[in-house]
Amino acid sequence: MTGKLDRGPARADILQSLSGLLLVLFIWGHMFFESSILLGKDAMYRVTRMFEGEPLFGKPYPLLVSGVAAIIFVLIAVHAVLALRKFPGSHRQYREFNAHMGAMRHPDTTLWYVQVLTGFALFFLASAHLLVVFLQPDNIGPYASSDRIWSGRFWILYALLLVCVHLHAGIGIYRLAMKWGPIPAAGSKVARRRLKLAMWGIIAFFLCLGTASLATYMYIGRDHAPHAGERYLPAHQQALPGNT
Amino acid sequence: MNRIPLRQAARTLRIQILRHNPRDPDSQPRLQTFEIEEADAMTLFIALTEIRERQDPSLQFDFVCRAGICGSCGMIINGRPGLACRTLTRDLPEQITLAPLPAFELIGDLSVNTGKWMRGMSERLETWVHSQNLESLDIDAMEAAMEPELAEQIYELERCIECGCCVAACGTARMREDFVGAVGLNQVTRFRLDPRDERSDAAFYELVGDESGVFGCMTLLGCEDMCPKDLPLATQIAFLRRRMAATT
């Protein structure tokens, strides 16, 4: 053996997996925080203020949200560039893969293709969402978000984003486990069955959670449509004189 | 009172076979349908033999052992790769479509040259024991003992019959012709486990540490699911990936 090893392919594979894992963890956390609206407007208001750094700095800094959006955007860009290597790169490759997938009727091969399609859709859907968050970080809150979703008709974007992102993330985490996981050879079939069951369970859970919170934002947005643009005041401030 | 169940009426199988002889310039790929009566415990190998003996002696397909050991009779059975000798017709519908394994050089009809592909893969990945002292090895001396667990682990991977089903089942191999497939990665893992092989992880990285090797695998798992020998291919590839990723 001569010369230095070309670690590029190994680094690219590790980075693709690592960026994917971080994005999945982020989106799962994001789902819990955004669905705080299910616990009421005040709960969502507190979560918003927490991410704007109010508990730490004494007053909200929406720029912090822009910063997180920028980091996530960079992570998505890195993940996408690395994942593009695996996309079919020519008409012949598309034709071969499609014929193969159609003939095989093999669930895991089809799941990969679902990831390719949802990943491609996410280039646009996630970018649009992140751009809005990045440019208008102060426009997040029980009324601000609901108005954007209902009066701004962003529910169309979020409904598509919800389905694509959770299919992509759920399948991705299952494939990540199969790709790197030290699954013992003896019990690999059982372990894989359990992983797949967990994958579908997680996807179903987040789709339900996301649908419930999106519907809640839409209801709030519809009721608040005549006053769209007005900001939410938390219950303790509403009670103050002059705010009623 | 015991009753002997009546034998169900035998089915008539309609077997469609993709016919083509690349050595004949006039040959065009076409589907030809044969009808045969199904027999008890009939395998696809038996059905094909009957077709060749009674209907069309020009039909080409490979077989040697008839017991799932030689790996010669791999073919696409209703869209999926499998061994003809290990496939019972009773597990298939009446309409059966057979095609040669893709990714390999076609000899004719269902016969493909897996040997040529496997030889190329083996030479490229150097799938043999590498040791400094092989020349001076005393073959009459007792071999160094190996832990039974390790021997079993190696034997498990050595069960591969190189039938080519994993390559035909792999979407990556179908898209990228230089991909070494699960059979190649499995063999590299087998030699990495072998204490008689003195190669370092860096040496193995030189062989499979790129997009045509372990980092090209997209974990579609067709190999694991279609392997007629039920080899734990996904586990082996994940192991090799971890080792190669940790190699410096």
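Quick caveat, the model's predicted, so the values are computed rather than measured.

Asks: Would you take a moment to explain the interface of chain B and chain A for this structure?
Replies: Each partner contributes to the interface: chain B provides 42 residues, whereas chain A provides 39 residues. Buried area between chain B and chain A, both sides added, is near 3,400 Å², and the carbon and sulfur share of it is 53%. Three residues stand out in chain B for area buried against chain A, namely Arg 174, Met 175 and Leu 220 of chain B, and they jointly supply 18% of the buried area on that side. The shortest N-O distance in the salt bridge between Glu 224 of chain B and Lys 189 of chain A comes to 3.7 Å. Taken together, the links from chain B to chain A amount to 25 residue pairs in polar contact (both at pLDDT 80 or more). Every element with two or more residues in the side of chain B that touches chain A is listed here: strand 4 (80–83), helix 5 (171–175), helix 7 (201–208), helix 8 (222–226) and helix 9 (233–246) of chain B. Considering each element in turn, the side of chain B that touches chain A owes the most residues, eight residues, to helix 9 of chain B. Residue classes in the side of chain B that touches chain A are distributed as 19 nonpolar, 11 polar and 12 charged.

Asks: How do you make sense of the packing of aromatic side chains when you look at a structure like this?
Replies: What characterises a pair of aromatic rings is the spacing of the ring centres plus the angle enclosed by the ring planes. This structure, assessed with the given rule, holds 17 aromatic pairs over all chains. Their ring planes at 75° and their centres at 4.8 Å tell us that Phe 33 of chain A and Phe 51 of chain A sit as a pair that is edge-to-face. Of this pair, Phe 33 of chain A sits in helix 1 (residues 8–34) while Phe 51 of chain A sits in helix 2 (residues 41–51); the two residues are 18 residues apart in sequence, bridging distant segments of the chain. Take Phe 51 of chain A: its relative accessible area is 40%, and that puts it in the partly exposed class. Ring geometry for Phe 45 of chain B and Phe 63 of chain B: centres 4.7 Å apart, planes at 55°, overall tilted. Note that Phe 45 of chain B is positioned in helix 1 (residues 44–54) and Phe 63 of chain B in the loop between helix 1 and strand 3 (74–77), a separation of 18 residues in sequence. Within the aromatic cluster, the residues linked to one another by ring pairs are Trp 28, Phe 32, Phe 205 and Phe 206 of chain A. Directly above the aromatic system of Phe 61 of chain B lies the positively charged group of Arg 52 of chain B, at a separation of 4.1 Å from the ring centroid.

Asks: What's the story with the packing of helix 5 (residues 91–104) of chain A against helix 6 (residues 107–135) of chain A in this structure? I'm lost.
Replies: Geometrically, a packed helix pair is captured by the angle between its two axes and the distance between the axes. Residues and elements named next belong to chain A. Where helix 5 meets helix 6, the closest approach of the two axes is 9 Å, and the angle between their N-to-C directions is 135°. In terms of their interaxial angle, helix 5 and helix 6 are classed as oblique. Both helix 5 and helix 6 take part in a crossing whose hand is left-handed. Between helix 5 and helix 6, the contacting residues are Tyr 94, Phe 97, Asn 98, His 100, Met 101 and Met 104 on the first element and Thr 109, Thr 110, Trp 112 and Tyr 113 on the second. Of the residues in the contact of helix 5 with helix 6, the class split is six nonpolar, four polar and no charged.

Asks: Sorry if this is basic, but what is going on with the domain arrangement of chain B here?
Replies: You'll often see interface size given as the accessible area lost when the parts meet. Residue and element names in this part refer to chain B. What the domain assignment lists for chain B is domain 1 (12–112) and domain 2 (126–247). Relative placement of domain 1 and domain 2: their C-alpha centres are 30 Å apart. On the side of domain 2, 12 residues touch domain 1, which itself brings 14 residues to the contact. Here domain 1 meets domain 2 over a buried area of about 1,000 Å², counting both sides, of which 70% is carbon and sulfur. Between the two partners, domain 1 and domain 2, sit zero salt bridges. For the pair domain 1 and domain 2, the interface holds two residue pairs in polar contact (both at pLDDT 80 or more).

Asks: Explanation requested: the pairing of strand 5 (residues 95–99) of chain B in the structure shown.
Replies: Every other side chain in a regular strand lies on the same face of the sheet, so the side chains alternate between the two faces. Residue and element names in this part refer to chain B. As defined by bridge partners, strand 1 (residues 12–19) adjoins strand 5 across four bridges and the pair is classed as parallel. Bridged to Gln 16 within strand 5 is Thr 97. Sheet analysis places strand 3 next to strand 5, joined by two bridges and oriented antiparallel. Its bridge partner being in strand 5, Ile 77 is matched across the sheet by Leu 98.

Asks: What am I meant to see in helix 5 of chain A here?
Replies: Three- or four-residue spacings in an α-helix give side chains the same orientation, since the helix completes a turn every 3.6 residues. Counted at 1.5 Å a residue, the expected span for helix 5 of chain A with its 14 residues is 20 Å, and the 20 Å between its end C-alpha atoms agrees. Buried residues of helix 5 of chain A: Gln 93, Phe 97, His 100, Met 101 and Met 104 of chain A, and no others. The buried residues of helix 5 of chain A all sit within an arc of 95° when viewed along its axis, so they share a single face. Across from the buried face of helix 5 of chain A, at angles greater than 90 degrees, the exposed residues are His 91 and Gly 102 of chain A. Where helix 5 of chain A is buried, its residues contact helix 6 of chain A together with strand 4, helix 4 (165–168), helix 5 and helix 8 of chain B. Residue Arg 105 of chain A follows helix 5 of chain A closely and has a positive phi angle near 45°.

The rules we used
Residues numbered from 1 in each chain as written. Chains lettered and ligands numbered in written order. Predicted model: local features only at pLDDT ≥ 70, side-chain atom pairs only at ≥ 80, totals over all residues. Heavy atoms only, no water. Contact = heavy atoms within 4.5 Å. Buried area = accessible area lost by both parts, 1.4 Å probe. Salt bridge = Lys/Arg side-chain N within 4 Å of Asp/Glu carboxyl O. Polar contact = N/O pair within 3.5 Å; in protein donor to acceptor, adjacent residues only side chain to side chain. Helix = DSSP H or I, 4+ residues; strand = E, 2+ residues; numbered from the N terminus. Nonpolar A, V, L, I, M, F, W, Y, C, P; charged D, E, K, R; others polar. Phe/Tyr/Trp six-rings, centres within 6.5 Å; stacked < 30°, edge-to-face > 60°. Buried < 20%, exposed > 50% of the residue type's maximum accessible area, 1.4 Å probe, protein only. Lys NZ or Arg CZ within 6 Å of the ring centre and 35° of its normal. Axes fitted to C-alpha atoms, helices over the stretch in contact; angles between N-to-C directions. Parallel < 35°, antiparallel > 145°, perpendicular 65-115°, else oblique. Left-handed = near helix turned anticlockwise from the far one by under 90°. Domains from an automatic or database assignment. Pairing = 2+ DSSP bridges. Expected span 1.5 Å × (residues − 1). Arc of directions from axis to C-beta.

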